[in-house]
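Working through the structure, step by step
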Amino acid sequence: MRKLAFLNQKGGVGKTTSAVNLAAALAAGGHRVCLIDLDPQAHASLHLNVVLGPDDPSIYDVLTGDMTLAGARHEVTLGPLRDGCDDIQHHDGRFCVVGAHINLAAAEVELVSVVGREMILADRIAEDVAQADEEHSWDYLILDCPPSLGLLTLNALVAVDEVYIPMQPHFLALHGLGKLLETIQLVRKRLNPQLRLGGVILSMYDAGTRLAAEVSEDVQRYFAADAGDWASAGVCETKIRRNIRLAEAPSFGQSIFCYAPDSNGAEDYASLAMEIDAARPATVPRAATHAA
């Protein structure tokens, strides 16, 4: 199982959009995918029409109580079928979400005195893997992190093996990138030696501007010049073009593949899914495609 976190402490950069639509694209490609919403704003949950009340099981109950991940999972309902949506609509149990609720905002305060609080999610995931049989194991676990570097994000970084950083091709985004890399490096050194940077995903990309090309080149040069921690990382070849359909899809509770399967957004995320799937680390075996 590959465990991926989507992280950026800056909001509005396409982090949740990337996590949700990459998960949908991987599910459409035959993988079993579980998306975990770690953001108290619950945008990933809302994007897929998973609307939870305070008494519904959520990631909050997993982190602060005895709830298992299996008990908090919700099979995704992708909404009314549109052309091209059948492939994921009818894959029974292939795509699930562990949703969030605003009460997740209290988790960091409630866990502040808990011993090993940064390991809770990793332990819950290990328990879930141990209890799952081969038929119900997950090929991908994708975590949508909150736009901060607090305890929830720390739990995600300890639990996963790969981090992807969505960012806009803007000059100020380069400054935030350095802070993110420092955090990832610190977690890898002290808590999770398996953690690696999968790459930077440029979103809201406008190929017609010089700025977008320059920022992309600057980030790529930064990684190319690093012979240490980030030598194997870089900018993903697939750029997520600016596309209004991607902004509209969450209001319908659908992935881009259901809302606008013929859009540039759907094309870009399908391409990104193939790129990330092909970049599987040598230590992670490629799972056989599950029967629908």
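It should be emphasised that the depicted structure is a prediction, and the values quoted were computed from it without experimental measurement.

Concerning the overall build of the chain
Helix and strand content of the chain: 13 helices and seven strands. The buried share of the chain, taken over its 292 residues, is 52%. Sequence-distant contacts, at least 24 apart, represent 78% of the contacts inside the chain between residues at least 6 apart. Carbon and sulfur atoms form 52% of the exposed surface of the chain, whose accessible area is close to 12,900 Å².

A short note on the packing of helix 9 (residues 171-190) against helix 10 (residues 210-224)
It is the contact of helix 9 with helix 10, at a shortest axis distance of 10 Å, that shows an interaxial angle of 25°. Viewed along their axes, helix 9 and helix 10 adopt a mutual orientation that is roughly parallel. Taken as a pair, helix 9 and helix 10 cross one another with a handedness that is right-handed. Contacts between helix 9 and helix 10 involve F171, L174, L177 and L181 from the former and V215, D218, V219, Y222 and F223 from the latter. Here the residues of the contact of helix 9 with helix 10 are counted per class, giving eight nonpolar, no polar and one charged.

Considering unusual backbone geometry
Located in the positive-phi region is A42, a residue other than glycine, with phi close to 60°. Note on placement: A42 falls in the loop between strand 2 (33-37) and helix 2 (43-47). Backbone geometry at M204 places phi at a positive 50°, although glycine is not the residue there. Residue placement: M204 occurs in the loop between strand 7 (196-202) and helix 10.

Side note on the sheet that holds strand 6 (residues 162-167)
If you trace the seven strands from one edge of the open sheet to the other, you get 3-4-2-5-1-6-7, paired in mixed fashion. The outermost strands of the open sheet, each flanked by one partner alone, are strand 3 (73-75) and strand 7. Direction aside, the axes of adjacent strands within the sheet are offset by 25° on average. Pairing analysis gives six bridges linking strand 6 to strand 7, with the strands arranged parallel.

Describing the packing of helix 7 (residues 120-131) against helix 8 (residues 151-159)
Relative to each other, helix 7 and helix 8 sit at 45°, their axes nearing to 7 Å. Here helix 7 is positioned oblique relative to helix 8, judged by the angle of their axes. Each of I120, L121, A122 and I125 in helix 7 lies in contact with helix 8, whose residues at this interface are N155, A156, V158 and A159. Residue composition of the contact of helix 7 with helix 8, by class: seven nonpolar, one polar and no charged.

Points about the pattern of salt bridges
Evaluated as defined, the whole model comprises ten salt bridges. A salt bridge links R124 to E127; its shortest N-O distance comes to 3.8 Å. Here R124 pairs with E127, and both are found in helix 7, just three residues apart, close to one helical turn. The salt bridge involving R241 is made with E267; its shortest N-O contact spans 3.6 Å. Note that R241 is positioned in the loop between helix 10 and helix 11 (244-248) and E267 in helix 13 (residues 264-278), a separation of 26 residues in sequence. If you follow the salt bridges from partner to partner, you end up with R2, E162 and R196 in one network.

A word on the packing of aromatic side chains
One pass over the structure, following the stated rule, counts two aromatic pairs. Here the aromatic rings of F6 and Y164 are separated by 6.0 Å at their centres, their planes lie at 25°, and the arrangement is stacked. One end of the pair, F6, is in strand 1 (residues 2-6); the other, Y164, is in strand 6, with 158 residues separating them in the sequence. Y164 shares its class with F6; the two are buried. Just above the ring of W138 sits the side chain of R32; from NZ or CZ to the centre is 4.2 Å. A cation sits over an aromatic face here: K239 above Y205, 6.0 Å from the ring centre.

With respect to empty space enclosed by the protein
Scanning the model with the defined rule gives one cavity of 30 Å³ or more in all. Taken as a whole, the largest cavity encloses approximately 30 Å³ of empty space. Looking at the largest cavity, the residues that line it are M1, L69, R73, I125, D128, W138 and L141. A per-class count over the lining of the largest cavity returns five nonpolar, no polar and two charged.

Rules of the game
Residues numbered from 1 in each chain as written. Predicted model: local features only at pLDDT ≥ 70, side-chain atom pairs only at ≥ 80, totals over all residues. Heavy atoms only, no water. Helix = DSSP H or I, 4+ residues; strand = E, 2+ residues; numbered from the N terminus. Buried < 20%, exposed > 50% of the residue type's maximum accessible area, 1.4 Å probe, protein only. Contact = heavy atoms within 4.5 Å. Areas by Shrake-Rupley, 256 points an atom, 1.4 Å probe, with all protein chains shown as cover. Axes fitted to C-alpha atoms, helices over the stretch in contact; angles between N-to-C directions. Parallel < 35°, antiparallel > 145°, perpendicular 65-115°, else oblique. Left-handed = near helix turned anticlockwise from the far one by under 90°. Nonpolar A, V, L, I, M, F, W, Y, C, P; charged D, E, K, R; others polar. Pairing = 2+ DSSP bridges. Salt bridge = Lys/Arg side-chain N within 4 Å of Asp/Glu carboxyl O. Phe/Tyr/Trp six-rings, centres within 6.5 Å; stacked < 30°, edge-to-face > 60°. Lys NZ or Arg CZ within 6 Å of the ring centre and 35° of its normal. 1 Å grid on protein atoms, 1.4 Å probe; cavity = no way out; pocket = protein on both sides within 12 Å on 5 of 7 lines; lining within 4 Å. Points joined across faces, edges and corners; volume = space filled by probe spheres on them.

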